[in-house]
Amino acid sequence: MPGPGLTFVKMATLRQALWHSHVNAVGAPAAMRVWLTAGGSLTARLGAHSDAFRVQRLHQRSATCLHDEAHAIGLGRPGRVWEREVLLRCDGVPVVFAHTVVPLSASAADWPLFSALGERSLGSTLFHDPRVTRGKLEFARLRAGHPLTQRAGMALGAQLDTGEPGASVYYARRCLYRRRRGTLLVTEVFLPSVLDLAPRTHHLIK
């Protein structure tokens, strides 16, 4: 029977993710890789795969960033950030859980629209602002014990785990954005329902 030290290490591993620069490292199915590696605005892509796309804001508040995020946003250890979490819905069905953090050191001049987004898409502002620089995508497999998987489950009113604790895997990607002196990290957890989406015919007609 594992001792308490081994149990702690196992739980810590479940609560953190290894982020990779290449999607092949996470072993995602081919259909999921298409979503993980898609360029441009995810908002626009989801809109092209639904008749009614909606951003459902869960919260936007001050919080402590995850261990996974501290180094990426320039912090030596987990610290206070502005946090925004939303569900992206296609025709009422949640398909992506999105989590964004901005260091408290960032000013309103760095991210002027962030505090007033409401249920507007963050992507619609990032991809249309010439001052925003987009970093490279990173990819990860999130276990059921990871904080973002747990938060997604709470938002959906369900526990995202169909097997033994820690057995289920969810695929995610993240990207660091820069504007002036500010950084902003967006992590997108793709729910299995995203694989049911298909391009809408009226979006394909020119």
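Residues numbered from 1 in each chain as written. Predicted model: local features only at pLDDT ≥ 70, side-chain atom pairs only at ≥ 80, totals over all residues. Heavy atoms only, no water.

**Q** Provide a residue-level description of the pattern of salt bridges, including the pertinent values.
**A** On inspection of all chains with the given rule, the structure shows seven salt bridges. We note a salt bridge from Asp 51 to Arg 200, for which the minimum N-O separation is 3.4 Å. Residue Asp 51 is found in the loop between helix H3 (42-47) and strand S1 (53-64), and its partner Arg 200 is found in the loop between strand S7 (182-190) and helix H7 (201-204); the two are separated by 149 residues along the sequence. Residue Arg 200 is classed as partly exposed on the basis of its relative accessible area of 23%. Of the charged contacts, one joins Arg 61 and Glu 83 as a salt bridge, the two residues approaching to 3.9 Å between their closest N and O atoms. (Salt bridge = Lys/Arg side-chain N within 4 Å of Asp/Glu carboxyl O. Helix = DSSP H or I, 4+ residues; strand = E, 2+ residues; numbered from the N terminus. Buried < 20%, exposed > 50% of the residue type's maximum accessible area, 1.4 Å probe, protein only.)

**Q** Go over the side chain of Glu 85, please, and point to the residues and values.
**A** For Glu 85, the position within the fold is in strand S2 (residues 80-90). In this structure Glu 85 comes out as buried when scored by relative accessible area, which is 3%. Of the polar contacts made by the side chain of Glu 85, one reaches the side chain of His 99; its length is 2.8 Å. Among all residues touching Glu 85, those that are not within four sequence positions of it are Gln 56, Arg 57, Leu 58, His 59, Phe 97, Ala 98, His 99, Leu 148 and Arg 151. (Polar contact = N/O pair within 3.5 Å; in protein donor to acceptor, adjacent residues only side chain to side chain. Contact = heavy atoms within 4.5 Å.)

**Q** Quick one: what's the story with helix H6 (residues 147-156), residue by residue and with numbers?
**A** Within an α-helix, residues lying three or four positions from one another point in the same direction, as the helix has 3.6 residues per turn. Turning to H6, its buried residues number three or more, namely Pro 147, Leu 148, Thr 149, Ala 152 and Gly 153. For H6, the secondary structure elements touched by its buried residues are S2, strand S3 (93-103), strand S5 (138-143), strand S6 (169-179) and S7. Following H6 by one or two positions, Gly 157 has its phi on the positive side, about 75°.

**Q** With reference to specific residues and values, describe the environment of Leu 104.
**A** Tracing the sequence through the fold places Leu 104 in the loop between S3 and helix H5 (122-126). On the basis of relative accessible area, Leu 104 is assigned to the partly exposed category, the value being 37%. Placed 25 residues apart in sequence, Leu 104 and Gly 79 show a C-alpha to C-alpha distance of 8.8 Å. Excluding its chain neighbours within four sequence positions, the residues that come into contact with Leu 104 are Arg 80, Val 81 and Trp 82.

**Q** Lay out the nonpolar core in plain terms, naming residues and giving numbers.
**A** Counting 33 residues, the largest nonpolar core has Leu 46, Trp 111 and Leu 184 as its most contacted members. Mapped by element, the contributors of at least two residues to this core are helix H2 (30-37), H3, S2, S3, H5, S6 and S7. Here the element with the most residues in this core is S3; it accounts for four residues. With sequence-adjacent residues up to four places away left out, Leu 184 is seen in contact with Thr 100, Val 101, Val 102, Trp 111, Phe 114, Leu 122, Leu 126, Cys 175, Leu 176 and Tyr 177. (Core = buried A, V, L, I, M, F, W, Y, C linked by side-chain atoms within 4.5 Å.)

**Q** Go over the side chain of Glu 83 with me, naming the residues and quoting the values.
**A** Mapping Glu 83 onto the fold places it in strand S2. Looking at Glu 83, the relative accessible area reads 2%, which means it is buried. A polar contact is formed between the side chain of Glu 83 and the side chain of His 59, at a distance of 2.7 Å. Separated by 2.9 Å, the side chains of Glu 83 and Arg 151 make a polar contact.

**Q** I'd like to hear about the confidence of the model for the protein chain, residue by residue, with values.
**A** For the protein chain, mean pLDDT is 84; residues scoring 70 or higher make up 84% of the total. Confidence scores differ between elements of the protein chain, with helix H1 (residues 4-14) showing the lowest mean pLDDT of 44 and H2 the highest of 96. In the predicted structure, residues 5-13 sits below a pLDDT of 50 and forms one contact with residues beyond four places in sequence or in another chain. Confidence drops under a pLDDT of 50 for residues 162-167, and excluding neighbours within four residues, the segment shows eight contacts in the predicted structure. (pLDDT = per-residue confidence, 0-100.)

**Q** Describe the pairing of S3, with residues and values.
**A** Here is the key point about a regular strand: its side chains alternate between the two faces of the sheet. Among the 11 residues in S3, 10 count as buried, and that is most of the element. The sheet contact formed by S2 and S3 spans 10 bridges and is antiparallel. Residue pairing in the sheet places Glu 83 in a bridge with Val 101 of S3. Turn length for the S2-S3 hairpin, with the two strands adjacent in sequence and antiparallel, is two residues, and the turn residue Asp 91 shows positive phi of about 55°. As paired elements, S3 and S7 share six bridges and run antiparallel to each other. Each bridged residue has a counterpart across the sheet, and for Ala 98 the counterpart in S7 is Glu 188. (Pairing = 2+ DSSP bridges.)

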